[in-house]
Amino acid sequence: MTDTLATPAKPQGIRITGAFHRLLAFSGLIALVVVFSLASPNFMQTNNVLAILQATSVNGVLAIAATLVIITGGIDLSVGTLMTFCAVICGVVLTYLGMPLPLGILAAIAAGTASGLISGTIVAKLKVPPFIATLGMMLILKGLSLVISGTRPIYFNDTPGFTQIAQGSIIGSVFPALPIPNGVLILFLVAIIAAFILGRTVLGRYTFALGSNEEAVRLSGVNTDRWKIAVYALAGGICGVAGLLIASRLNSAQPALGQGYELDAIAAVVIGGTSLSGGRGTILGTLIGALIISVLANGLRILSVAQEWQTVVTGTIIILAVYADILRRRRL
Amino acid sequence: MSIQSASASAASPLATPIVAMEGIEKSFPGVHALKSVRFELLPGEVHALMGENGAGKSTLMKILSGVYAKDAGTIRIDGQPVEIGSPREAQALGIGIIHQELSLMRELTAAQNIFIGREPRKAFGLLLDEAALNDGAASIFKSMNLALDPRAPVESLTIAKQQMVEIAKALSHKSRVLIMDEPTAALNDAEIAELFAIIRRLKAEGVGIVYISHKMDEIKRISDRVTVMRDGEYVGTVPAADTPIETIIAMMVGRALTTEVAAPRASEDAPIALEVIGLRRGREIRDVSLHVRKGEILGFAGLMGAGRTEVARAIFGADPLEAGEIRINGKAVSIRRPEDAVKAGIGYLSEDRKHFGLATGLDVRNNIALASLERFCAPGGVLKDGEMRDIAKRYIGQLSIKTPSDQQEARLLSGGNQQKVVIAKWLLRDCEILIFDEPTRGIDVGAKTEIYKLLNALAAQGRAIIVISSELPEVLRLSHRIAVMCEGRLTGFLPAGASQEAIMQLATQRQSAVEAPHAA
């Protein structure tokens, strides 16, 4: 009774369609780049490419944070205002308290992690739906940023080197031909670390497992609450990094900024093929999604399309991307 | 562990039971689910647990596997009393359960599923050791003699293979007790043979297996002993080999006779209201043909998952059909959506009222009017609220719906009265054909009687009625004629007053997977 000579033939097919979807986003990006390069000779200029990458860095980092939470089957609406909150905390530590730069960096990331811990606890322990919990946190953080800063921007003029965090170029100082800004470098570092955590660590495994079938994970004897809180905390910490990036780029913490960023981040995640129902998603996809959004914005601007139209196009692309995903699933 | 030969071992009373449950009690709000139940499992035994839907089998096993806490009673493992407080503690005691609904993470691979919660790690516990994970899964598959890629995502596997992954997961916990809840529900015959081969291998290794199933032939094929439960009580334990199927069925249904019989049908040869011919969809609906006459109540009996709801939903246009014809009053109609069915005069009362039948947040008045809103529509789309109120009040009176007013939120009514609201909705829509799916589920006894009376009255008015029910006494009490399904097929029709045993025979009558062309 040696059963199963028939190793299932299906998985290969699915892997191909899965890859196909990632390819879809990627080929979409390539197509956009080709179209814009043909339409305008300025598009592929080094400076413009660097500008696109720099413009992707903040949204990209936020989208990575959002990806982690979305893979668990949740959602994090607070990433944008949390980013601002972390920037403000950093401003308080550096400018108001006059502490050294490393402490400011640490404070921003710690503030993000703490906020993530709170969101995660509200979701996991109090069973408040993630949408509501993080909507509440979004407003709380927005208000706190305004309160702490006295509604005024905090400038980093007293901290030499602060603007270098995002705007300097370590790579450029070594290879002058490649003046890639540090902000872009940080985005890729965060992406690599997040992809590593997702793919190779226990936390990553539970991130997928929670989104796939939380009850099954719980019945397997796993403390699901603790891991869920950990994912939100990690996402919060990453928002702290985004806070540093935006503060460095503006050389200030702008307390009124932030709301609206969460939607761009979620858009990047969705375009990148991560399922809002949880259980599947990739960091690479999110990066591609974030790049598509900034390439679109940049390209349309170069073509002198009015800014108002850019959001119309982005919105259309989100719907098309998710529809493509639905088509793919229907074929399964 | 005692020494045993593969076949005789199980029945041997000398072996210490791996599991001995005594006096187990469990109550849920409003339901006394288990009443002093006992159960015993020997090493190397396949012990079937049988009973009608709601007899308490799954509840008992959920207590053994740590999902529910018992209210009273003792559980002994290898003779030692234990308290099982969580699934994890059950696992530590060597008890594995394969739930009726597979509890796998579809997006993860087979190996990742097997080791969830116990992933092998490296680099001081920081990283997953994916190689060790896959090797571990591969060696379990090898011990099961199963060719399966540990790296295959679970969603890419057939249901049978997914089941094997569940078994592998349980075995990876070094389970000595394996509980299988309806493991063959979604399997075809070849896959069942595969599963049984694995069960026999486990048995030979001394693993005790609890096998919950409704399927008589399987019980005969695979199990050593059978324990029967009824209404949350222990009925008895018999050897599987020398107990006739009839005896087991008699134990399951009990001797309680239904006191009341169906009200007589208005006319034997009333015109046919609804006729369906050759309905088909995959394995759920296999060539189902039936008809209902005006004024007739057709009972639809069968075990859970037999395909009755599927047929009803297909007739109502809620799910697609692959083939088949639906005729209403002798004329073929095309029903693609519920909208078409409602226009053709079919009303469907879902078994899941809260999800599909009732808008729980709306008041009684709006629920009654919900399927007929256009009739209350003044020009410009404004609703004629006064008219709606009058009609709602009329139905509240006619069906004696107990509600403080027609503006009470529907969710605040009792189950029986909610059901009446849904009935009123379809009556207002002038449905001549009404399909009731488990009309009295979750309704107390007094309200049941009222619903029965109402159904009889509707039939007397000449409406054609189909009643799906998993409670045999209910089917017998209501039906003028009984259709029985098993595994997507109609296994037969019985006249009113048929015995419960006759129904159960048809309801457990499996057919070989090779579909013989059968005459209509």
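- As recorded in an unreviewed UniProt entry, chain B goes by Monosaccharide ABC transporter ATP-binding protein, CUT2 family and comes from Devosia enhydra.
- Entered under Subcellular location (unreviewed entry) in the UniProt record, the comment concerning chain B runs "Cell membrane".
- Recorded in UniProt for chain B, the comment headed Sequence similarities (unreviewed entry) runs: "Belongs to the ABC transporter superfamily."

- With an unreviewed UniProt entry as reference, chain A is termed Monosaccharide ABC transporter membrane protein, CUT2 family, source organism Devosia enhydra.
- Quoted verbatim from the Subcellular location (unreviewed entry) heading of the UniProt record, the comment on chain A is "Cell membrane".

### Description of the side chain of Ser65 of chain B
All names here are of chain B.
Here is step 1: Mapping Ser65 onto the fold places it in the loop between helix H1 (57-64) and strand S4 (72-77).
Here is step 2: Classification of Ser65 by relative accessible area gives buried; the value is 3%.
Here is step 3: Dropping the residues within four chain positions of it, Ser65 is found in contact with Ile84, Ser86, Pro87, Ala90, Ile95, Ile97 and Ile179.

### Regarding the pattern of salt bridges
Here is step 1: Within this structure, the stated rule accounts for 31 salt bridges over all chains.
Here is step 2: Put simply, Glu130 of chain B and Arg205 of chain A hold a salt bridge, and the shortest N to O gap is 3.1 Å. With Glu130 of chain B in helix H4 (residues 130-143) and Arg205 of chain A in helix H9 (residues 202-219), this pair bridges two chains.
Here is step 3: Here Arg429 of chain B makes a salt bridge to Glu374 of chain B, at a shortest N to O gap of 3.5 Å. Taken together, the residues Arg429 of chain B in the loop between helix H14 (415-428) and strand S19 (433-437) and Glu374 of chain B in the loop between helix H12 (364-369) and helix H13 (385-398) connect sequence positions 55 residues apart.
Here is step 4: Arg429 of chain B gets classed as partly exposed once you look at its relative accessible area, which sits at 22%.

### Regarding the sheet that holds strand S16 (residues 323-328) of chain B
Residue and element names in this part refer to chain B.
Here is step 1: Reading across the sheet, the four strands line up as S14-S13-S16-S17 and stay open at both edges, with antiparallel pairing between neighbours. The strands lining the two open edges of the sheet, one partner per strand, are strand S14 (285-293) and strand S17 (331-333). When the angles between neighbouring strand axes are averaged without regard to direction, this sheet yields 20 degrees.
Here is step 2: Where strand S13 (residues 272-281) meets S16, five bridges bridge the pair, whose relative direction is antiparallel. Bridge pairing in S16 links Val276 to Ile326.
Here is step 3: Where helix H9 (residues 308-315) meets the sheet, its contacts fall on S13, S14 and S16, and the angle it forms with S13 comes to roughly 115 degrees.

### Examining the packing of helix H8 (residues 182-200) of chain A against H9 of chain A
Helix packing geometry: the angle between the two helix axes and the distance between the axes.
All names here are of chain A.
Here is step 1: With their axes 5 Å apart at the nearest point, H8 and H9 run at an angle of 75 degrees to one another. Relative to H9, the element H8 lies roughly perpendicular. For the pair H8 and H9, contact is made by Ile197, Leu198, Gly199 and Arg200 and by Val202, Leu203, Gly204, Arg205, Thr207 and Phe208, respectively.
Here is step 2: Its residues assigned to classes, the contact of H8 with H9 comprises five nonpolar, three polar and two charged.

### Some points on the packing of aromatic side chains
Here is step 1: For the structure shown, the criterion picks out six aromatic pairs over all chains.
Here is step 2: Between Phe156 of chain A and Phe162 of chain A the ring centres are 3.8 Å apart and the planes differ by 15 degrees, which places this aromatic pair in the stacked class. Like Phe156 of chain A, the residue Phe162 of chain A is buried in the burial classification.
Here is step 3: Considering the side-chain rings of Tyr206 of chain A and Trp227 of chain A, the 4.9 Å spacing of their centres and the 55 degrees angle between planes classify their relative orientation as tilted. Remark: Trp227 of chain A occurs in helix H10 (residues 224-250) and Tyr206 of chain A occurs in helix H9; sequence separation between them is 21 residues. Taken individually, Tyr206 of chain A and Trp227 of chain A each receive the classification buried, so the pair is uniform in this respect.
Here is step 4: Ring pairs connect the aromatic residues Phe316, Tyr348 and Trp426 of chain B, which therefore count as one cluster.
Here is step 5: The ring of Tyr234 of chain B carries the charged tip of Arg38 of chain B above its face, separated from the ring centre by 5.3 Å.

About the criteria used
Residues numbered from 1 in each chain as written. Chains lettered and ligands numbered in written order. Predicted model: local features only at pLDDT ≥ 70, side-chain atom pairs only at ≥ 80, totals over all residues. Heavy atoms only, no water. UniProt positions renumbered as here; feature names shortened; annotations may be inferred. Helix = DSSP H or I, 4+ residues; strand = E, 2+ residues; numbered from the N terminus. Buried < 20%, exposed > 50% of the residue type's maximum accessible area, 1.4 Å probe, protein only. Contact = heavy atoms within 4.5 Å. Salt bridge = Lys/Arg side-chain N within 4 Å of Asp/Glu carboxyl O. Pairing = 2+ DSSP bridges. Axes fitted to C-alpha atoms, helices over the stretch in contact; angles between N-to-C directions. Parallel < 35°, antiparallel > 145°, perpendicular 65-115°, else oblique. Nonpolar A, V, L, I, M, F, W, Y, C, P; charged D, E, K, R; others polar. Phe/Tyr/Trp six-rings, centres within 6.5 Å; stacked < 30°, edge-to-face > 60°. Lys NZ or Arg CZ within 6 Å of the ring centre and 35° of its normal.

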